[in-house]
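# Examining the three-dimensional arrangement
Listed below are the residues making up each chain.
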Amino acid sequence: MMNHSSATNKRYAITGLSCASCAINAEKTLKKQNGVKSASVNFADASAFIEYDDSLVSPNEFKNVLNNIGYDLLIDESVEQDDLQRKTHDKARNNMWWALAFATPVMIIGMFFMNMPYANYIMWALTTPVLMVFGRQFFINGWKQTRNFSANMDTLVALSTGIAYVFSVFNTLFPQFWHRQGLHAHVWFEAAAVIIAFILVGRFLEEKAKSNTSSAIRKLMGLQPKQVIKIDKTGKTIATDISEINKGDILLVRPGDKIPVDAKVVFGESFVDESMISGEPIPVEKQRGDQVLAGTVNQKGSMRIVAEKVGKETMLSQIIEMVQKAQGSKAPVQKLVDKIASVFVPVVIVIAIISFIAWFFLSEQNAFTQALLAFITVLIIACPCALGLATPTAIMVGVGKGAENGILIKDAESLELAHSVDTVVLDKTGTVTIGKPEVTDQIWNPEEESKLRSILLAIESQSEHPLADAVCKALQNLETSEVDVSNFASITGRGAEAIVNSEKWFVGNLQLMDENEIKLPSEWKPKIEQFHNEAKTVVYFANKTRVMAVMAITDEIKPTSASAVEKLHANGIEVYMLTGDNKETAKVIAQRAGIKNFKAEVLPSQKGEFIKELRQQGKKVAMVGDGINDSEALALADVSIAMGQGTDIAMDVAKITLMSSDLEQIPKAIQLSKQTVKTIKENLFWAFIYNIIAIPVAAGVLYPFTGFLLDPMVAGAAMALSSVSVVSNSLRLKLKRL
């Protein structure tokens, strides 16, 4: 009997992921299902890529198994993922602000007005919604983790704040229980409320970073037009939805239109801006038989194209898919604290239970009271406030300091990773270079220079060629009103000709000069040779007999590129340059910038492959780029840096954006990362030292030797002090120089 099976590869939205370990948990669960070939859960945009055999398993079964562990898979494709993320983001923001609004007065009363009438009842009333409404996710997730025999930060937050809350309610209602023992009935409402509020701030910042990540995909998708103009067999034009276009359809592309599919030109000619795919600034001339790519922009003329690749086959769709997969392939560094918590939580609970049992059986008087006090004290002093604040406070200060210095950092992961970068890969155009062709050198026939300038400007003003724009810019302050241009004609692949004041003039390359047997002054040849050696494009301006002027055009390197490369080398960092340009140009630019390693004629997908190769060699790679063609490489690098004057897509995919286009910001960003990581390590050290010392003291280990027993009120103050010390240490970051 034959088994007819088919593999399906689909992306689904997932709700209920609150931390990195949730994504790992959901992924493990999906992978265990019969018929699932591979599963990858992306915490960044709350989605799952699942490859499965649809004859063995269905999406409904994925939904059921995820529901059992507290998450949900959205099968209904009518639910937009953007809407879902917006709702999650808005919910996180609202919970944060409401929790802060309720927790602030509780903290003020708990610290300064404990003796005011009904203080405990007011704090109880304000703390209840913080835990039961705005912070209920911690208790729900904590319970789900416990039910599945695992623990994370949610477990510890729920346990410590929950017990502090219950104990505080008991002490508010029955203070005489403790008064009879000669003890003060202390409450910890402020500790419970403030911990929840602080952690909700961290969750909101995380949601914000996640929504920024997925906006890159939305913008990439926006490059493809929704409507296109199709030409039917009778020659009629019909506005058609992009999804209805098939291979072989003839489409009309007007000036300014985005090209909808990968296609071949069958009629017409134009210049197409391919910078979003190739990264190269000069639009490419297209004529019959040439290939055009989806997402690129038609500039000047109308063209008819025949669709060759549609839908998911286009290069743009492949870039989108690669970026999605690259984003999903990296597990966030934040899971480290969750891993620590998964061991820390059970250990703390065991210590608290042991303390209770020891005091209950060993204490000679008030056994139950002393046992309960020890149990509560251990849980309160071990609350993960300092541990939970260690990373986010350092990150927040680091991100703020970066913003002040023109370095925008999107998430904790990139700031944590940048300090270990040993290899920086730079895109050439717009990153090492300015990104716009400019006239760098001019040679003129000195006898008629001012007249010649006006004629050249008048002719080039009529040209559609991108290099003509550079010439016009160089001559823009001249007057051309007296110059009469007629019979202007563009000569494909060579330049243009025109008649000015009854005299014929030519503008173009050497081939155009040779074809018209125009002489080049011999004294200019060494200089022109030098331009070629410097990988500059040479434009010749001539009358019918001799060349009257020469323009050298290039994309100049930025003034600070060489010094930035020097600083990276001084820090022991290898620098590579990638470009779609030819080898000669790449070599010249690399030499000027002081870059020893470079690769030329590189396609967008090859940039990604190169990043993968470097990472497989064990290198920590930072990719710096400014174009859509860099987006896959940016997403695959350990640290992705976008130049501030680049495309929105590059800035959205990259985790670090430099507000200026100054490469000297890169060594600064790495230095900021080093300072921040050092602060995080110090914070975690103090948070753990505090717990290592405080938990045994809270359990009462000093009592047999010194008679010292820690009061729960002192435990609450010690816990608050540990948090203050962590925050203070993070604030020291502001004082350090980059």
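Residues numbered from 1 in each chain as written. Predicted model: local features only at pLDDT ≥ 70, side-chain atom pairs only at ≥ 80, totals over all residues. Heavy atoms only, no water.

## Focus: the UniProt feature "transmembrane region" (unreviewed entry) in the protein
- Taken from the UniProt record, the annotation "transmembrane region" (unreviewed entry) applies to residues 96-115, 121-143, 155-174, 186-205, 340-362, 368-391, 684-706 and 712-731.
- Secondary structure content for residues 96-115 is 85% helix and 0% strand, while the C-alpha to C-alpha distance between its ends is 29 Å.
- Secondary structure content for residues 684-706 is 87% helix and 0% strand, while the C-alpha to C-alpha distance between its ends is 30 Å. (UniProt positions renumbered as here; feature names shortened; annotations may be inferred. Helix = DSSP H or I, 4+ residues; strand = E, 2+ residues; numbered from the N terminus.)

## Examining the sheet that holds strand E16 (residues 438-444)
- Strand order in this open sheet of six strands is E16-E21-E20-E19-E18-E17, and the pairing throughout is antiparallel. Both edges of this open sheet fall to E16 and strand E17 (485-491), since each of them pairs with a single strand only. Here the average twist between neighbouring strands, direction ignored, is 15°.
- Looking at chain direction, E16 and strand E21 (residues 547-554) are connected through six bridges and run antiparallel. Looking at E21, one finds that Val 439 is bridged to Ile 553.
- Strands E16, E17, strand E18 (495-500), strand E19 (503-508), strand E20 (537-543) and E21 of the sheet are contacted by helix H16 (residues 449-460), whose axis makes an angle of about 70° with E19. (Pairing = 2+ DSSP bridges. Axes fitted to C-alpha atoms, helices over the stretch in contact; angles between N-to-C directions. Contact = heavy atoms within 4.5 Å.)

## Overview of the pairing of E18
- Only one face of E18 is covered, namely the face carrying Ala 496, Ala 498 and Val 500; the face carrying Gly 495, Glu 497 and Ile 499 is uncovered.
- The pairing of E17 with E18 spans five bridges and is classified as antiparallel. Each residue of the ladder has a partner; that of Ile 491, found in E18, is Gly 495.
- Taking the residues that link successive antiparallel strands as the turn, the E17-E18 hairpin has three residues, and the phi of Gly 493 there is positive, at about 75°. (Buried < 20%, exposed > 50% of the residue type's maximum accessible area, 1.4 Å probe, protein only.)

## As for the nonpolar core
- Ranked by internal contacts, the top residues of the largest apolar core, which has 41 residues, are Leu 426, Val 432, Ile 595 and Ile 666.
- With six residues, the top contributor of residues to this core is helix H25 (residues 665-699).
- The residue makeup of this core includes at least three contributed by each of domain 2 (86-217 + 324-394 + 678-735) and domain 4 (405-433 + 558-670).
- In this view, Val 432 contacts Leu 426, Asp 427, Ile 557, Lys 558, Ser 561, Met 577, Ile 589, Ala 593, Ile 595 and Leu 663; residues no more than four positions away in its chain are not counted.
- By size, the runner-up hydrophobic cluster in this structure holds 25 residues, among which are Leu 457, Ala 458, Val 485 and Val 500. (Core = buried A, V, L, I, M, F, W, Y, C linked by side-chain atoms within 4.5 Å. Domains from an automatic or database assignment.)

## So, the environment of Glu 51
- Relative to the helices and strands, Glu 51 resides in strand E3 (residues 47-53).
- Since its relative accessible area comes to 28%, Glu 51 is described here as partly exposed.
- Taking the C-alpha atoms as reference points, Glu 51 and Lys 31, separated by 20 residues in sequence, lie 9.7 Å from one another.
- If sequence neighbours within four positions are ignored, Glu 51 has contacts with Ala 7, Thr 8, Asn 9, Gly 35, Val 36, Lys 37 and Ser 38.

## Some thoughts on the side chain of Thr 161
- Structurally, Thr 161 can be placed in helix H6 (residues 153-173).
- Ignoring any residue separated from it by four or fewer positions in sequence, one finds Thr 161 in contact with Leu 131, Phe 139, Ala 192, Ile 195 and Ile 196.

## Focus: the sheet that holds strand E26 (residues 656-658)
- Spatial strand order, E14-E26-E25-E24-E15-E22-E23: seven strands in an open sheet with mixed pairing. Two strands bound the open sheet, and with one partner strand each, they are strand E14 (407-409) and strand E23 (597-599). Geometrically, the sheet is characterised by an average inter-axis angle of 20° between neighbouring strands, direction not taken into account.
- Sheet topology note: the strand E22 (residues 574-578)/E23 ladder contains three bridges and is parallel. Within the sheet, the bridge partner assigned to Leu 578 lies in E23 and is Lys 599.

## Section: helix H17 (residues 466-474)
- Those residues of H17 lying buried are Pro 466, Leu 467, Ala 468, Ala 470, Val 471 and Cys 472.
- Of the surrounding elements, those touching the buried residues of H17 are strand E9 (270-273), E16, H16, E20 and E21.

## Quick look at a nonpolar patch on the surface
- Nonpolar side chains collect at one region of the surface, where Met 107, Ile 108, Met 111, Phe 112, Phe 113, Met 116, Tyr 118, Tyr 121, Ile 122, Leu 173 and Phe 174 lie side by side and expose about 1,100 Å² of accessible area between them.
- When residues of the nonpolar patch are traced back to their parent elements, those giving at least two are helix H3 (81-112) and helix H4 (119-134).
- For the nonpolar patch, the leading source of residues is H3, giving four residues.
- Classification of Met 107 by relative accessible area gives partly exposed; the value is 32%. (Patch = residues over 30% accessible without salt bridge, like charges linked within 9 Å, V, L, I, M, F, W, Y side chains within 5 Å. Areas by Shrake-Rupley, 256 points an atom, 1.4 Å probe, with all protein chains shown as cover. Salt bridge = Lys/Arg side-chain N within 4 Å of Asp/Glu carboxyl O.)

## Thoughts on the pairing of strand E8 (residues 262-267)
- Pairing analysis gives five bridges linking E8 to strand E13 (residues 303-309), with the strands arranged antiparallel. Its bridge partner lying in E13, Phe 267 is registered against Arg 304.
- Of the strand pairs in this sheet, E8 and strand E11 (residues 291-292) are connected by two bridges, and their pairing is antiparallel. What sits directly across from Ala 263, in E11, is Val 292.

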